[in-house]
Amino acid sequence: MTPQQRNDSGRVARPFAVALTGGIGSGKSAVAELFSALGVTVIDADAISHALTAPGGAALGPIAETFGKKVISADGGLDRAALREQVFADPAARRRLEGILHPMIRARMQAELAADPGPYVVLAIPLLVETGQTDMADRVLVVDAPETVCIERVRRRSALTPEQVRRIIASQASRAERLAAADDVIENTGDLADLAPEVQALHKRYLSLAANG
């Protein structure tokens, strides 16, 4: 399917889309990498966010106007630590930031999705449920793991304390909320070798769904 093809309503068609999400430490990035290794296009919301807030990024002006120039680093990019201090404990400030970033990220993802030749694309959106973006995809794939497992994974790879990780988890959608939105679930309680067969099975399923959709 190409961007030039149109459906019966006259709208530009797009490839079959799978939204991939999961909480911090769930292993969603590892799953995205496995799909990518199979030749699937992965459009990553976090990567787009970083591009929008890198030096010269389109989001920097609105963010500086809203939160002050002190959140812009010496190299002209976003000072994430300074911004995090303002928004993490202030729900209203976080909503203002989301109001700037999320529409830009969504627009960029939609443009990349429409331009992809398919047959299907994975949309990696960590805050899929929180931002109500399940409508962007044909299926929702949730990577799930117990909170204790997620905390330990994040603790091993970062300088965050378990309490800091718990606060991040509390700011995200609950496991129950994510699972309620899921069409497919990967229970990621093991290692990378355990993930590969599950991703391969889903890959075959998505190829079939895309061909018959």
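Predicted model only: the values in this text are computed from it and were never measured. In this convention, every chain numbers its residues from 1, walking through the sequence in written order. Residue-level local features of this predicted model are given only where pLDDT is at least 70; pairs of side-chain atoms are given and counted only at 80 or more, and the full residue set underlies all totals for whole chains, interfaces and linings. Hydrogens and water molecules were not included; the side-chain quantities draw on all heavy atoms of the structure.

**Some thoughts on helix 1 (residues 28–37)**
Rules: Burial status follows relative accessibility: with a 1.4 Å probe on protein chains alone, a residue under 20% of its type maximum counts as buried, one over 50% as exposed, and anything between as partly exposed. Secondary structure elements follow DSSP: runs of H or I no shorter than four residues count as helices, runs of E no shorter than two count as strands, and numbering proceeds from the N terminus. An arc is given here, and it is the one of the directions from the helix axis to the C-beta atoms. Whether two residues are in contact is decided by their heavy atoms, any of which lying within 4.5 Å being enough.
By the burial criterion, the buried members of helix 1 are Lys28, Val31, Ala32, Leu34 and Phe35. Each buried residue of helix 1 lies within a common arc of 160 degrees when the element is viewed along its axis, so the set occupies one face. For helix 1, the exposed residues set more than 90 degrees away from the buried face come down to Ser29, Glu33 and Ala37. Buried residues belonging to helix 1 abut strand 1 (16–21), strand 2 (41–44), strand 3 (120–124), strand 4 (139–144), strand 5 (184–187) and helix 9 (192–212).

**Here's the deal with the packing of aromatic side chains**
Where we set the bar: The pairing test for Phe, Tyr and Trp rings, Trp by its six-membered ring, is centres within 6.5 Å, and the orientation test on the planes gives stacked under 30 degrees, edge-to-face over 60, and tilted for anything in between.
Applying the stated criterion to the full structure yields 2 aromatic pairs. An angle of 25 degrees between the planes, with centres 6.2 Å apart, marks the rings of Phe35 and Tyr206 as stacked. With a gap of 171 residues between them, Phe35 in helix 1 and Tyr206 in helix 9 connect regions that are remote in the sequence. Taking the relative accessible area as the measure of exposure, Phe35 reaches 0% and is therefore buried. Geometrically, the ring pair formed by Tyr120 and Tyr206 is edge-to-face, given 5.6 Å between the ring centres and 70 degrees between the ring planes. Of the two residues, Tyr120 is situated in strand 3 and Tyr206 in helix 9; the sequence distance between them amounts to 86 residues. The same class applies to Tyr120 as to Tyr206, namely buried. Each member of the aromatic cluster is reached from another via a ring pair, and the members are Phe35, Tyr120 and Tyr206.

**What about the pairing of strand 5?**
We apply this condition: Strands are treated as partners if at least two bridges between them are detected by DSSP.
What you see with strand 5 is a clean split: Asp184 and Ile186 sit on the buried side and Val185 and Glu187 on the side with no burial. Sheet analysis places strand 4 next to strand 5, joined by 4 bridges and oriented parallel. Paired with Val142 across the two strands is Val185, which belongs to strand 5.

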